[in-house]
Amino acid sequence: MVSASLMPSQDLFATEFHFFPPVLYVQNYVEVFANFNFSNYLQNSAIVTSAVVILNLIFSPMVGYSLAKFDFPGKAVLMLFILATVMVPFTAILIPLFLIIRTIDWVNSYTGLIMPFAMSAFGIFLMRQYILTIPRDLDEAARIDGANRWRQFLHITLPLLQPVMLVNVTLSLMGGFGVFDIPYVMTEGGPANATLVMALHIYIQGFKFYKFGYAAALSYVLLTLVTLLAAIQMRLMGQESVT
């Protein structure tokens with residue numbers, strides 16, 4: 001990808017294969033940062049990804065806590081249903097999901113891009129499994145001190161979930177920036193490409209306008225941003241494990 005980003009598009013289709021570009025062609029990167037819509041596409045991706053991360057951090061721990069700590073009828077069936085959604089290919093539910101989004105008039109909007117990822121079945125499962133490893137003695141001690149379930153969750157369980165929550169943040173960031181199928185189906189960019197995200201823009205440039213070098217440069221910039229965010233998360237996780 002790095003090599004392709006440093007070649008003009010015509011060299012990518014040349015009969016003679018070049019693993020390294022014969023001449024460094026930096027115009028692709030110049031076009032990326034000279035494109036006045038680049039910041040808009042990046043901003044859209046950041047808005048969608050940030051909202052997805054925040055919603056996952058709100059809902060996944062609460063649902064995981066309920067499945068780990070509470071006993072209620074149908075709990076095992078509900079857990080199996082959540083795990084079953086992980087096993088079903090997302091493309092199998094894409095069209096029904098689009099029909100629902102269109103019915104509630106969320107097409108070409110940030111809401112339509114965010115809400116399908118507001119909760120992650122894998123994130124819920126991850127939280128539940130981690131909460132099961134927390135000793136029940138802590139909850140019992142808090143209950144003796146007069147703490148209700150909500151205070152037990154906020155003051156006992158939630159602080160102990162920081163490592164697994166950082167893992168969830170990292171997965172949500174990587175998935176949010178790289179997601180393609182939902183933006184492609186749920187939006188065509190909206191008015192004046194108002195909701196066009198980076199992944200969809202890369203696809204359009206690469207396969208619709210045949211600017212593969214430009215698309216490769218965009219992909220490498222996006223990969224650099226995601227890698228930087230992942231490195232920050234790993235650094236934070238390392239500090240958390242030390243403390």
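Procedures and definitions
Residues numbered from 1 in each chain as written. Predicted model: local features only at pLDDT ≥ 70, side-chain atom pairs only at ≥ 80, totals over all residues. Heavy atoms only, no water. Helix = DSSP H or I, 4+ residues; strand = E, 2+ residues; numbered from the N terminus. Buried < 20%, exposed > 50% of the residue type's maximum accessible area, 1.4 Å probe, protein only. Contact = heavy atoms within 4.5 Å. Phe/Tyr/Trp six-rings, centres within 6.5 Å; stacked < 30°, edge-to-face > 60°. Salt bridge = Lys/Arg side-chain N within 4 Å of Asp/Glu carboxyl O. Expected span 1.5 Å × (residues − 1). Bend = angle between axes of the 7 residues up to and from the residue.

Chemist: Just to check I follow, could you spell out the environment of Phe-20 for this structure?
Modeler: Within the secondary structure, Phe-20 sits in the loop between α2 (9-12) and α3 (27-34). Taking relative accessible area as the criterion, Phe-20 reaches 62% and is therefore assigned exposed. Through-space distance from the C-alpha of Phe-20 to that of Leu-6 is 8.7 Å; in sequence the pair is 14 residues apart. Residues within four places of Phe-20 in sequence aside, it is in contact with Ser-3 and Met-7.

Chemist: Looking at this structure, how should I read the packing of aromatic side chains?
Modeler: The relation between two aromatic rings is expressed through the spacing of the ring centres and the mutual angle of the planes. Taken as a whole and assessed by the stated rule, the structure comprises 3 aromatic pairs. Geometrically, the ring pair formed by Tyr-65 and Phe-70 is edge-to-face, given 5.9 Å between the ring centres and 85° between the ring planes. Under the relative-accessibility criterion, Tyr-65 is labelled buried at 4%. Ring plane angle 35° and centroid distance 6.0 Å describe the contact between Trp-150 and Phe-153, whose orientation is recorded as tilted.

Chemist: Would you take a moment to explain the pattern of salt bridges for this structure?
Modeler: Where charged atoms of side chains with opposite charge meet at close range, the side chains can pair. Inspection of every chain in the model, using the stated rule, returns 2 salt bridges. Put simply, Asp-139 and Lys-69 hold a salt bridge, and the shortest N to O gap is 2.9 Å. Taken as a pair, Asp-139 in helix α9 (residues 136-144) and Lys-69 in helix α4 (residues 38-69) lie far apart in primary sequence, 70 residues in all.

Chemist: Sorry if this is basic, but what is going on with α4 here?
Modeler: Counting along an α-helix, one turn takes 3.6 residues, and residues three or four places apart therefore face a common direction. For α4, with 32 residues, the first-to-last C-alpha span of 46 Å sits near the 46 Å given by 1.5 Å per residue. The principal kink in α4, of about 25°, is found at Asn-56.

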